[in-house]
Amino acid sequence: MGRPIAGSLGPVQGLSLAPARPLSPVRRRAPGASVNVVDVGRRFEGATGPVDAIAHVHLSVAPGEFCVIVGPSGCGKTTLLRIVAGLEAATSGRVDVSGDAGRPRNAMVFQGRSVFPWLTVRQNVGYGLKLRGVPRRERERRADALLATVGLARFARSYPHQLSEGMRQRVAIARALAVDPDLLLMDEPFGALDEQTRLLLQEELLRIWENTGTTVLFVTHSIDEAMVLADRIVVMGAQPGTVKAVLPVPFSRPRALTDVRSDAAFAPLFAQIWGMLREEVLASRADIRQVRA
Ligand SMILES: Nc1ncnc2c1ncn2[C@@H]1O[C@H](COP(=O)(O)OP(=O)(O)OP(=O)(O)O)[C@@H](O)[C@H]1O
Ligand SMILES: [Mg+2]
């Protein structure tokens, strides 16, 4: 049976936080949490009967690894991330998340809907730090540094409704990074962003990840995004979602995104991943046709 995941106190609108412990500097280089998913399944009650969202999922993520999950829509990527975050219980199997210093600190970034409308941008970014008892000055210093990183320094005093969707998403990303998480769970965090912002944030995320040692589990629909970011890419199959393949990404670190895209290994790896995904996407659509028939 699934069980609550150590390190999660539950959701705080897209952010789950472990109990307070002394803040370490952003550049800590300590290894992040490790994640072990063992034979995990999740069954939901759907409108037409039970739905196995995922089944027999096995996945190990090493401390400090950047692991990216791709898979067809509806194959259970969000479900898996929510189980790892402790926001959802598994129906079968187990998940272990462990850190080097006791209970690991998780932060999760969803697509959309993760900022508090009644708080300013700066207060949103500092929210997790406030929960952990960090004094206001330090919170604001940290929040302002992150807002500069995500290109929102001028909007610190704005409220979310005064921002665009992409800007709000950048606030959510800054808020997750502010708590210096041991495990960063990101569910299509750049999906709603324009191309230029997405490229800039991919670079920023890589830079921050390289400097902090946090473990990242990242979901995307973009094969290109998976390839530029990941150490390993997990390809999930159509419903019920299972791990179809785990592919190591050969590009060296630190990565310059333009170098990765012009690397001779880029096109063959892209073709390999798309070949697998294409089959799964077609399989998932065939299922839909059968349901409709
Ligand atoms: N709370 C729920 N109740 C019933 N069914 C659910 C629930 N949550 C998810 N599902 C079902 O589980 C399956 C997997 O959903 P999930 O959101 O994890 O997929 P996904 O891979 O994240 O899809 P997408 O790429 O579109 O975001 C879907 O068939 C979905 O309908
Ligand atoms: Mg999803």
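Above this note sits the structure.
Residues numbered from 1 in each chain as written. Chains lettered and ligands numbered in written order. Predicted model: local features only at pLDDT ≥ 70, side-chain atom pairs only at ≥ 80, totals over all residues.

Draft legend 1. Highlighting the pairing of strand E9 (residues 243–248). Pairing of strand E8 (residues 232–236) with E9, which is carried by five bridges, proceeds in the antiparallel orientation. If you follow Val235 over to E9, its bridge partner there is Ala245. A loop of six residues connects E8 with E9, the two strands running antiparallel in sequence. (Pairing = 2+ DSSP bridges. Helix = DSSP H or I, 4+ residues; strand = E, 2+ residues; numbered from the N terminus.)

Draft legend 2. Spotlight on the sheet that holds strand E7 (residues 215–219). Across the sheet, which stays open at both edges, the six strands sit in the order E5-E6-E7-E3-E8-E9 with mixed pairing between neighbours. Every other strand in the sheet has two partners, leaving strand E5 (106–109) and E9 as the edge strands with one partner each. Shown here is a sheet whose adjacent strand axes are inclined to one another by a mean of 15 degrees, direction ignored. Of the strand pairs in this sheet, strand E6 (residues 183–187) and E7 are connected by five bridges, and their pairing is parallel. Paired with Asp187 across the strands is Val219, a residue of E7. Sitting on the sheet, helix H4 (residues 165–178) touches E5 and E6, and the angle it makes with E5 is about 175 degrees. (Axes fitted to C-alpha atoms, helices over the stretch in contact; angles between N-to-C directions. Contact = placed C-beta atoms within 7 Å.)

Draft legend 3. The arrangement of the nonpolar core in detail. Within the largest apolar cluster, 75 residues are counted, with the highest numbers of intra-cluster contacts made by Val68 and Val84. Looking at which element gives the most residues to this core, the answer is H4, with seven residues. In terms of domain composition, this core takes at least three residues from each of domain 1 (32–105 + 183–264) and domain 2 (114–180). (Core = buried A, V, L, I, M, F, W, Y, C linked by C-beta atoms within 7 Å. Buried ≥ 20, exposed ≤ 12 C-beta atoms within 10 Å, placed from the backbone. Domains from an automatic or database assignment.)

Draft legend 4. Region of interest: the site of ligand 1. Contacts to ligand 1 come from 13 residues, most closely from Phe44, Ala53, Ser73, Thr78 and Thr79. When residues in the shell around ligand 1 are grouped by element, the largest group, three residues, is from helix H1 (residues 77–85). When the residues that make up the shell around ligand 1 are grouped by side-chain class, the tally is four nonpolar, eight polar and one charged. (Near = placed C-beta within 6 Å. Nonpolar A, V, L, I, M, F, W, Y, C, P; charged D, E, K, R; others polar.)

Draft legend 5. Geometry of the sheet that holds strand E1 (residues 34–46). If you walk across this open sheet you meet the three strands as E2-E1-E4, and the pairing is antiparallel. Because the sheet does not close on itself, it has two edges, and the strands there are strand E2 (49–61) and strand E4 (92–98). In this sheet, neighbouring strand axes are inclined to one another by 25 degrees on average, regardless of whether the strands run parallel or antiparallel. Pairing analysis gives nine bridges linking E1 to E2, with the strands arranged antiparallel. Looking across to E2, one finds that Val35 is bridged to Val61.

Draft legend 6. Representation of unusual backbone geometry within the structure. Residues Arg253 and Pro254 are joined by a peptide bond in cis, for which omega reads -10 degrees. Within the fold, Pro254 resides in the loop between E9 and helix H7 (257–262). You will see that Asp39, though not glycine, has its phi angle at about 55 degrees, which is positive. Mapped onto the elements, Asp39 comes out in strand E1. Overall, the presence of 12 C-beta atoms within 10 Å leaves Asp39 in the exposed class. Positive phi outside glycine occurs at Glu188, with the angle close to 45 degrees. Relative to the helices and strands, Glu188 is located in the loop between E6 and helix H5 (195–212).

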